[in-house]
Amino acid sequence: MCRELTKTYEEVLRRPLGGLAQWAGAQPPRGEITLVVGGAPAVPVVRPDDGRLRAEVAGHEAGGTPRKAAIALVAKTYGLPKREVYQAVVTA
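Keep in mind it's a predicted model, so treat the numbers as computed, not measured.

Quick rundown of helix 2 (residues 50-62)? Include the residues and the values.
Between its first and last C-alpha atoms helix 2 spans 18 Å; for 13 residues at 1.5 Å apiece the expected length is 18 Å, and the two agree. If you follow the buried residues of helix 2, they end up packed against helix 3 (67-78) and helix 4 (82-90).

Let's hear about the packing of helix 3 against helix 4: which residues, and what values?
Packing of helix 3 against helix 4 brings their axes to within 8 Å, and their N-to-C directions diverge by 120°. In terms of axis orientation, helix 3 runs oblique to helix 4. Relative to helix 4, the crossing made by helix 3 is right-handed. Contacts between helix 3 and helix 4 involve R67, I71, A72, V74 and A75 from the former and K82, V85, Y86 and V89 from the latter. Taken together, the residues that form the contact of helix 3 with helix 4 break down as seven nonpolar, no polar and two charged.

Could you give an account of the packing of helix 2 against helix 4, naming the residues involved and the relevant values?
Describing two packed helices takes the angle between their axes plus the distance from one axis to the other. Contact geometry for helix 2 and helix 4: axes closest at 8 Å, N-to-C directions at 90°. When the interaxial angle is binned, helix 2 and helix 4 end up roughly perpendicular. On the side of helix 2, the interface is formed by D50, L53, R54 and V57, while helix 4 contributes V85, A88 and V89. Taken together, the residues of the contact of helix 2 with helix 4 break down into five nonpolar, no polar and two charged.

Can you tell me about the nonpolar core, naming the residues and giving the values?
Note that soluble globular proteins tend to have their nonpolar side chains buried in a common cluster. Within the largest apolar cluster, eleven residues are counted, these being L53, V57, A70, I71, V74, A75, Y78, L80, V85, A88 and V89. At the level of elements, helix 2, helix 3 and helix 4 are the ones that each hand at least two residues to this core. Ranked by residue count, the leading element in this core is helix 3, at five residues. Among residues more than four places away in sequence, those in contact with V85 are V57, I71, V74, A75 and L80.

Can you break down the pattern of salt bridges residue by residue, with the values?
Evaluated as defined, the whole model comprises seven salt bridges. Residue E32 pairs with K7 through a salt bridge whose shortest N-O separation is 3.5 Å. Of this pair, E32 sits in the loop between helix 1 (17-26) and strand 3 (33-34) while K7 sits in the loop between strand 1 (2-3) and strand 2 (11-12), and the two are 25 residues apart along the sequence. With relative accessibility at 52%, the residue E32 sits in the exposed group. Across the pair D50 and R47 runs a salt bridge, and its minimum N-O distance is 3.0 Å. D50 gets classed as partly exposed once you look at its relative accessible area, which sits at 30%. In the salt-bridge network here, residues are joined through shared partners; they are E4, K7 and E32.

What counts and what doesn't
Residues numbered from 1 in each chain as written. Predicted model: local features only at pLDDT ≥ 70, side-chain atom pairs only at ≥ 80, totals over all residues. Heavy atoms only, no water. Helix = DSSP H or I, 4+ residues; strand = E, 2+ residues; numbered from the N terminus. Expected span 1.5 Å × (residues − 1). Contact = heavy atoms within 4.5 Å. Axes fitted to C-alpha atoms, helices over the stretch in contact; angles between N-to-C directions. Parallel < 35°, antiparallel > 145°, perpendicular 65-115°, else oblique. Left-handed = near helix turned anticlockwise from the far one by under 90°. Nonpolar A, V, L, I, M, F, W, Y, C, P; charged D, E, K, R; others polar. Core = buried A, V, L, I, M, F, W, Y, C linked by side-chain atoms within 4.5 Å. Buried < 20%, exposed > 50% of the residue type's maximum accessible area, 1.4 Å probe, protein only. Salt bridge = Lys/Arg side-chain N within 4 Å of Asp/Glu carboxyl O.

As structure tokens, then:
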């Protein structure tokens, strides 16, 4: 939590969000406040094999989704380029 940045009474507190909430409850802050929140740690994504990709696309198609849309859904699910999922489907 940063308060009054670039001013005479600048203050920076580094605490978990719960600690900052307690601090603000005990002593309501005055002035401009900026919260800087760290993101979640990166989790490595495991790329499924081509058979799994084909099966998921086929499952979407069986449900009535057009192939192009099914490929896009599977690609988005795994964070893969659509062309990679397409190649897995057509090279069966």
